[in-house]
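Residue-level structure breakdown
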Amino acid sequence: MVDDGRVEGVTAIEVRTGELVTILGKAVIIATGGCGRIFQFTTNGWIKTGDGMALAYRAGVPLKDMEMVQYHPTLLPNTGILITEAARGEGGHLLNKDGERFLKRYVPNKMELGPRDILSRAEMSEINAGRGFEGPYGSYVNLDLTHLGKITIEDKLPFVKELAEKYLGIDPEHEPIPVRPGQHYMMGGVHTDMHGFTGMPGLYAAGEVACVSMNGANRLGSNSLTECLVFGAAAGRAAARYAVKMESPSFGNPVQGEVMMEEKRIFDQILKHEQGERISSVRTEMQNGMEKHVGIYRDENSLKEGCRIIGDLKTRLSNAIVEDKDHVYNTELVAALELDFMLDVAETIPYSAIQRRESRGAHYRTDYTKRDDANFLTHSMAHKTPGPPRIDYSPVTITRWKPEERVY
Amino acid sequence: MEDNKRYPELRRRLSPGWWTANRHYTMYMVREWTSLFVALYSLIFIYGLSLWAMGSRADFLNFLKNPAIVGFSLIALVFTMYHAATWFYLLGAVAPVKIGRSRTKPWQALVLNLILLVIISYLAIWLLVLR
Amino acid sequence: MSQDIATIRVTRYRPEKDAKPFFQEYKVPYRHDMVVLDALNYIKAEIDGSLTYRWSCRMGVCGSCGANIDGEPKLTCASFLHEFKGRTITVEPMTHFPVIKDLVVDMQDFMEKLVKIKPWIIREKETPPEQGEYKQSAKELERYSQFSSCINCMLCYAACPIYGLNEKFLGPAATALAYRYIEDSRDQGKEVRFPIVHEMEGAWECTLVGECSVVCPKGVDPMLAIQKTKILGATNAIKSLLMPRGGR
């Protein structure tokens, strides 16, 4: 809720009763995590629907570097369950249909220890060249641990063993694990400075939802937890300092009108429809469309198609139905609201990506395969408008480490 | 919260037959019931001992030779064995011993305790009766 | 991987419409690697958008998708459909807890118990970060590590008849977690936690049914933790009897 350029609280739903409530506050910290559920294959949980990103974006804060989407190379094909990097660290091999360690063609010096984005692209290249396996959930490659032996697997990779057994019915000591690349982390997010401040008085963000830019265009493994700890504390302190010197927002101020509007939107629009398509079909088409056109490999045409699909789905969602009309614990209504958030966030990705005519970090354009520091050593900033997002740029602050060529 | 009362929660009671729902519950319930027999037997035995203390050893033995008492003793023996076995098993579950890479399994404690029981019982019988 | 059809029977209870719960039956096509949660998601997406249940991670980490499957408390994400081949699968809300809607239960009671045992490291005096971390050896870690795997899924409560008979019982997960902190070499909060786990409805209420440890999806052994808590309590009591003046 924004009043006169200042954030003064949030509107929330009490899921147990379906009531909309106003929570007034001097400062708001967004800590809602990423938006992996926009994509078909993701390691993220069901609740990672980018709500916080959409809230800030709608309130007028830009989303920064949204085209930088990290893919992880080893997900289970159906569920997207993550098989940890440690499986390769301990000596696991990635194999194609011909039983070949195909990484020798991509990162011969690092092989399985290569970076996530390169491994993910290598797997997709193998699959596109017809050297992947075909399964009921699309193509995949194999992660082979069988040569590591029982003791290494049990002592060093117990969780991998548990996941393979519980969710695939496979014993990694004797059978390879099918894997494919999938969305894992958003380098982009709500624009903030080092203190988690978004630039809008009273609004802070920290964690994956935020983009402090510490992850650049490609996050390194295990940096996200550290990011949460360091910048979570920083945002908390900054918000506290701000709150101490501000007056409390008073009840009866104009922002409460926003709650009434939101209530009207939910109950008069979303829940009113009796005929139409299910929200689940809109969601599935968004996920498939993003995966296919805004995924690991991108080009001008695919990104245009991505923009078009999201635009169409926004119209379709406004006519979709929520079958559950209950007030109590209406998870379908919550899913509809989340899908609305996801579509807003999803749209910023192809729009940001189409203008970045280069390849950098996790963003790979088949029509512009080289990095172009002269034109694109910049942050993209997606701003909400009544139409499609407006993209502009802000300069990159370079401190200790200068950007260098990636050589492996 | 007041609001929740508008929408009543469904409260479910445990049915009297809950312990028949699965094997573990049943075994637990039987174990709890067997303690009743253990207690009854103790009372009977104490009564027998009091006969000895106030009368003679013959009174005590005659009391024990009563067919009803012999019958009950046999039933109590079976239940006591079951009761003991479940606790031996639980002992293994609660205090596993670590040997090398693996831990002892509860059934190993059960077997070990049963062997110990036989040895100790034999020693007791030998000391009190056979010697 | 061929497709079969599973018949799944789910408890429905919508407090705004239904005075009583009832079962609704659905037919779901499935593959060999599909779990009960996949079937629920299929139903919600394709057949009946109003079916209500909780879930998130679908990999046995978040602990939100517990239900009684054919009477046994299980994570729906970790129960293969093919294991029930040829039978109707019954999915009910977890036993003992009040039901809010369909498969969603009220977690309030458990949440209160969780907070009550103070599930964090208590220090008599915090040292500033500059002085370094509180160190712990692998051996010290092993004393409690299995109990730190708890995901708060509450399956152990659904499996515990003692909790079913007496809602006040602190119960398996909360006691196991209390024990986890009591055994943590970095923790100095024994004095605070002991009275909580040893009060009337604490550890001593447990009569060793043992089903909590059978149903735990993370291999935690809450029954063991409860008995160890009893042993600690008993030895402590004896010690303070023998050496009343702080012989610890």
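It should be emphasised that the depicted structure is a prediction, and the values quoted were computed from it without experimental measurement.

1. Digging into the environment of C:Glu201
Residue and element names in this part refer to chain C. When you line up the elements, Glu201 lands in the loop between helix H7 (190–197) and helix H8 (211–215). The sequence separation of Glu201 and Leu141 amounts to 60 residues, and the corresponding C-alpha distance is 29 Å. Contacts of Glu201, omitting those with residues within four sequence positions, involve Asn166, Lys168, Phe169 and Leu170.

2. Things to note about helix H3 (residues 116–128) of chain A
Residues and elements named next belong to chain A. Spanning 13 residues, H3 covers 18 Å between terminal C-alpha atoms, matching the ideal 18 Å at 1.5 Å per step. Within H3 the residues assigned to the buried category are Arg116, Asp117, Ile118, Leu119, Ser120, Arg121, Ala122, Glu123, Met124, Ser125, Glu126 and Ile127. Buried residues belonging to H3 abut strand E7 (69–75), helix H2 (86–89), strand E8 (93–95), strand E10 (138–144) and strand E11 (177–186). Once H3 ends, the next one or two residues include Gly130, with phi positive near 80°.

3. A short note on the interface of chain A and chain B
The partner chain B presents seven residues to the nine residues of chain A that form the contact. Together, the buried faces of chain A and chain B total about 650 Å²; carbon and sulfur atoms form 41% of this surface. Counting the surface chain A buries against chain B, the share from its top three residues, A:Arg16, A:Thr17 and A:Glu19, is 55%. Summed over the shared surface of chain A and chain B, the number is one salt bridge. Salt-bridge contacts for B:Glu9 lead to A:Arg16; the nearest nitrogen and oxygen are separated by 2.6 Å. Summed over the shared surface of chain A and chain B, the result is one residue pair in polar contact (both at pLDDT 80 or more).

4. Here's the deal with the sheet that holds strand E14 (residues 210–211) of chain A
Residues and elements named next belong to chain A. Reading across from one edge, E14-E12-E6-E15-E16 is the order of the five strands in this open sheet, with mixed pairing throughout. Because the sheet does not close on itself, it has two edges, and the strands there are E14 and strand E16 (390–395). The pairing of strand E12 (residues 189–191) with E14 spans two bridges and is classified as parallel. If you follow His191 over to E14, its bridge partner there is Cys211. In the packing of helix H1 (residues 51–59) onto the sheet, the strands contacted are strand E6 (63–64), E12 and strand E15 (378–383), and the crossing angle to E12 comes to about 35°. Where helix H10 (residues 331–355) meets the sheet, it contacts E6, E15 and E16, and its direction lies at approximately 60° from that of E16.

5. Brief notes about the sheet that holds strand E4 (residues 72–75) of chain C
Residue and element names in this part refer to chain C. Judged by pairing direction, the sheet is mixed, and its five strands sit side by side in the order E2-E1-E5-E3-E4 without closing on themselves. The open sheet has two edge strands, strand E2 (22–30) and E4, and neither has a second partner. The average undirected angle you get between the axes of adjacent strands in this sheet is 35°. Here strand E3 (residues 66–69) runs beside strand E5 (residues 88–92); their pairing, made up of two bridges, is antiparallel.

6. As for the pairing of strand E1 (residues 4–12) of chain C
Residue and element names in this part refer to chain C. Pairing of E1 with E2 involves nine bridges; the strand directions are antiparallel. Looking at the pairing, Thr11 lines up with Phe23 of E2. Of the pairings in the sheet, the one linking E1 to E5 comprises four bridges and is parallel in character. In the sheet register, Arg9 faces E5, and the bridge partner there is Thr90.

7. Thoughts on the interface of chain A and chain C
Taken together, the contact between chain A and chain C spans 34 residues of the former and 37 residues of the latter. Each partner contributes to the roughly 2,800 Å² buried at the junction of chain A and chain C, and carbon and sulfur atoms together form 49% of this total. A per-residue breakdown of the area chain A buries against chain C is headed by A:Tyr167, A:Asp326 and A:Tyr329, which together make up 22% of the total. The interface formed by chain A and chain C contains five salt bridges. For the salt bridge of C:Lys101 with A:Asp326, the shortest nitrogen-to-oxygen distance reads 3.4 Å.

8. Quick look at the pattern of salt bridges
Residues and elements named next belong to chain A. A full pass over the atoms with the stated rule returns 57 salt bridges over all chains. Between Arg88 and Glu85 there is a salt bridge; the shortest N-O distance is 3.0 Å. Accessibility expressed as a relative area gives 3% for Arg88, which makes it buried. Ionic pairing is found between Glu277 and Arg316, a salt bridge with its closest N-O pair at 2.7 Å. Here Glu277, found in the loop between helix H7 (256–270) and helix H8 (279–293), pairs with Arg316, found in helix H9 (residues 300–318); they are 39 residues apart in sequence, far enough to count as distant. Each member of the salt-bridge network shares a partner with another, and the members are Arg58, Glu262, Arg265, Lys314, Asp340, Asp344 and Glu347.

9. Thoughts on the environment of C:Lys116
All names here are of chain C. With respect to the secondary-structure elements, Lys116 resides in helix H2 (residues 108–116). According to the relative accessible area criterion, Lys116 is partly exposed, its value standing at 38%. Dropping the residues within four chain positions of it, Lys116 is found in contact with Ile196 and Glu199. Looking at Lys116, its side chain comes within polar contact range of the side chain of Glu199, at 2.9 Å.

10. Quick look at the packing of H8(A) against H9(A)
Residues and elements named next belong to chain A. Direction vectors running N to C along H8 and H9 enclose 170°, while the axes themselves pass 9 Å from each other. Taken as axis vectors, H8 and H9 run roughly antiparallel relative to one another. Here Ile279, Ser281, Val282, Glu285, Met286, Gly289, Met290 and His293 of H8 come into contact with H9, specifically with Ser302, Leu303, Glu305, Gly306, Ile309, Ile310, Leu313, Arg316 and Leu317. Of the residues that constitute the contact of H8 with H9, the class distribution is nine nonpolar, five polar and three charged.

11. Looking at the domain arrangement of chain A
Residue and element names in this part refer to chain A. Looking at chain A, the domain boundaries give domain 1 (2–68 + 187–395) and domain 2 (71–184). Centre-to-centre separation of domain 1 and domain 2, based on C-alpha positions: 31 Å. On the domain 2 side, the residues contacting the 17 residues of domain 1 number 20 residues. Between domain 1 and domain 2, roughly 1,500 Å² of surface is buried when both sides are summed, and carbon and sulfur atoms account for 51% of that area. Interface area lost by domain 1 to domain 2 is led by Phe41, Thr43 and Ile296, which between them contribute 43%. For the interface between domain 1 and domain 2, the tally reads zero salt bridges. At the junction of domain 1 and domain 2, the tally comes to nine residue pairs in polar contact (both at pLDDT 80 or more). Class assignment of the residues belonging to the side of domain 1 that touches domain 2 gives a composition of six nonpolar, eight polar and three charged.

12. Some details on unusual backbone geometry
Residues other than glycine seldom take positive phi values, yet A:Asp65 does so here, at roughly 50°. Along the chain, A:Asp65 turns up in the loop between E6 and E7. Residue class for A:Asp65 comes out buried when judged on its relative accessible area of 4%. Of note, the phi angle at C:Asp70 is positive, near 50°, even though the residue is not glycine. By secondary structure assignment, the location of C:Asp70 is in the loop between E3 and E4.

13. Quick word on a nonpolar patch on the surface
Residues and elements named next belong to chain B. Where nonpolar side chains cluster on the molecular surface, the patch consists of Tyr122, Ile125, Trp126, Leu127, Leu128, Val129 and Leu130 and spans about 780 Å² of accessible area. Secondary-structure assignment places Ile125 in helix H4 (residues 106–130). Ile125 sits in the partly exposed class, given a relative accessible area of 45%.

14. Details of the nonpolar core
Ranked by size, the top nonpolar core spans 162 residues in total, and within it A:Met53, A:Leu145, A:Ile177, A:Met286, A:Met290 and C:Ile8 carry the most contacts. No other element matches H10(A), which puts 13 residues into this core. If sequence neighbours within four positions are ignored, A:Met286 has contacts with A:Arg37, A:Ile38, A:Ile310, A:Leu313, A:Leu339, A:Met342, A:Leu343 and A:Ala346.

Parameters at a glance
Residues numbered from 1 in each chain as written. Chains lettered and ligands numbered in written order. Predicted model: local features only at pLDDT ≥ 70, side-chain atom pairs only at ≥ 80, totals over all residues. Heavy atoms only, no water. Helix = DSSP H or I, 4+ residues; strand = E, 2+ residues; numbered from the N terminus. Contact = heavy atoms within 4.5 Å. Expected span 1.5 Å × (residues − 1). Buried < 20%, exposed > 50% of the residue type's maximum accessible area, 1.4 Å probe, protein only. Buried area = accessible area lost by both parts, 1.4 Å probe. Salt bridge = Lys/Arg side-chain N within 4 Å of Asp/Glu carboxyl O. Polar contact = N/O pair within 3.5 Å; in protein donor to acceptor, adjacent residues only side chain to side chain. Pairing = 2+ DSSP bridges. Axes fitted to C-alpha atoms, helices over the stretch in contact; angles between N-to-C directions. Parallel < 35°, antiparallel > 145°, perpendicular 65-115°, else oblique. Nonpolar A, V, L, I, M, F, W, Y, C, P; charged D, E, K, R; others polar. Domains from an automatic or database assignment. Patch = residues over 30% accessible without salt bridge, like charges linked within 9 Å, V, L, I, M, F, W, Y side chains within 5 Å. Areas by Shrake-Rupley, 256 points an atom, 1.4 Å probe, with all protein chains shown as cover. Core = buried A, V, L, I, M, F, W, Y, C linked by side-chain atoms within 4.5 Å.

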